[in-house]
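# Descriptive structure summary
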Amino acid sequence: MDVRIDKWLWAARFFKTRTLASSAVLGGRVHVNGERVKPSKVVHRNDRLEITEGSERWTLVVLELADRRRSAAEAQALYAETQESRAQREQHALERRFARPPGADSGARPTKQARRRLDALRRGRRR
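Now for a description of the structure that goes with this document.

The rules behind these values
- Residues numbered from 1 in each chain as written.
- Predicted model: local features only at pLDDT ≥ 70, side-chain atom pairs only at ≥ 80, totals over all residues.
- Heavy atoms only, no water.
- Salt bridge = Lys/Arg side-chain N within 4 Å of Asp/Glu carboxyl O.
- Helix = DSSP H or I, 4+ residues; strand = E, 2+ residues; numbered from the N terminus.
- Buried < 20%, exposed > 50% of the residue type's maximum accessible area, 1.4 Å probe, protein only.
- Patch = residues over 30% accessible without salt bridge, like charges linked within 9 Å, V, L, I, M, F, W, Y side chains within 5 Å.
- Areas by Shrake-Rupley, 256 points an atom, 1.4 Å probe, with all protein chains shown as cover.
- Lys, Arg positive; Asp, Glu negative; His and termini not counted.
- Charge placed at Lys NZ, Arg CZ, Asp CG, Glu CD.
- Expected span 1.5 Å × (residues − 1).
- Phe/Tyr/Trp six-rings, centres within 6.5 Å; stacked < 30°, edge-to-face > 60°.
- Pairing = 2+ DSSP bridges.
- Contact = heavy atoms within 4.5 Å.
- Axes fitted to C-alpha atoms, helices over the stretch in contact; angles between N-to-C directions.

### Some points on the pattern of salt bridges
- Scanning the model with the defined rule gives nine salt bridges in all.
- Between Glu56 and Arg96 there is a salt bridge whose closest N-O contact spans 3.2 Å. In this pair, Glu56 is assigned in strand E6 (residues 56–62) and Arg96 in helix H4 (residues 83–98), connecting sequence segments 40 residues apart.
- On the basis of relative accessibility, which here comes to 41%, the residue Arg96 falls in the partly exposed class.
- One connected set of salt bridges, linked through shared partners, spans Glu56, Glu81, Arg86, Arg89 and Arg96.

Take a look at the structure:
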């Protein structure tokens, strides 16, 4: 059974549509055995995939082939994530959770009076 990489990624539920999967492959966010591929690349068992989606990065080994999208439990049986990949993703999630949100160090919002004073300073007048 021959399955295209974009179809396999869609069946394994990494992307919601085949179009998104195909775009990711064309955009270089999916590598098969360390090489950048086209969406028509045929996937085989024991191939090593590197998938980057947003800030997430998975390194997988293909266990089974599928060309139809089925339940999430069946989709998870199609691949095995490497231990290093899982550890890196969990570490990255922890870092994101404990990171300060942008603008957290800028303090509280200015009051209406303080905002008017700032505007006056920017225009070159003092009140």
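### Observations concerning a positive patch on the surface
- A cluster of basic side chains, namely Arg109, Lys112, Arg115 and Arg116, defines a positive patch on the protein surface.
- For Arg109, the location among the structural elements is in the loop between H4 and helix H5 (112–123).
- Judged by relative accessible area, which is 78%, Arg109 ranks as exposed.

### Re H5
- For H5, built from twelve residues, the straight-helix expectation of 16 Å at 1.5 Å per residue is met to within 8% by its first-to-last C-alpha distance of 17 Å.
- A positive phi of about 95 degrees marks Gly124, the residue just after H5.

### Here we look at the packing of aromatic side chains
- Going through the model one piece at a time under the given rule, you end up with three aromatic pairs.
- Between the aromatic rings of Phe14 and Tyr79, the centroid separation amounts to 5.0 Å while the plane-to-plane angle is 50 degrees, which identifies the pairing as tilted. With Phe14 in the loop between helix H1 (5–11) and helix H2 (18–26) and Tyr79 in strand E7 (residues 79–81), this pair connects stretches of sequence that are 65 residues apart. Neither residue differs from the other here; Phe14 and Tyr79 are each classed as buried.

### Some points on the sheet that holds strand E5 (residues 48–53)
- Here five strands make up an open sheet; going across it, the order is E3-E2-E5-E6-E7 and the pairing antiparallel. The sheet is open, and its two edges are formed by strand E3 (35–36) and E7, each paired on a single side.
- Examined bridge by bridge, E5 and E6 share six bridges and lie antiparallel to one another. Across the sheet, Ile51 pairs through a bridge with Trp58, a residue of E6.
- Of the strands in this sheet, E6 and E7 touch H4, which is tilted by about 165 degrees from E6.

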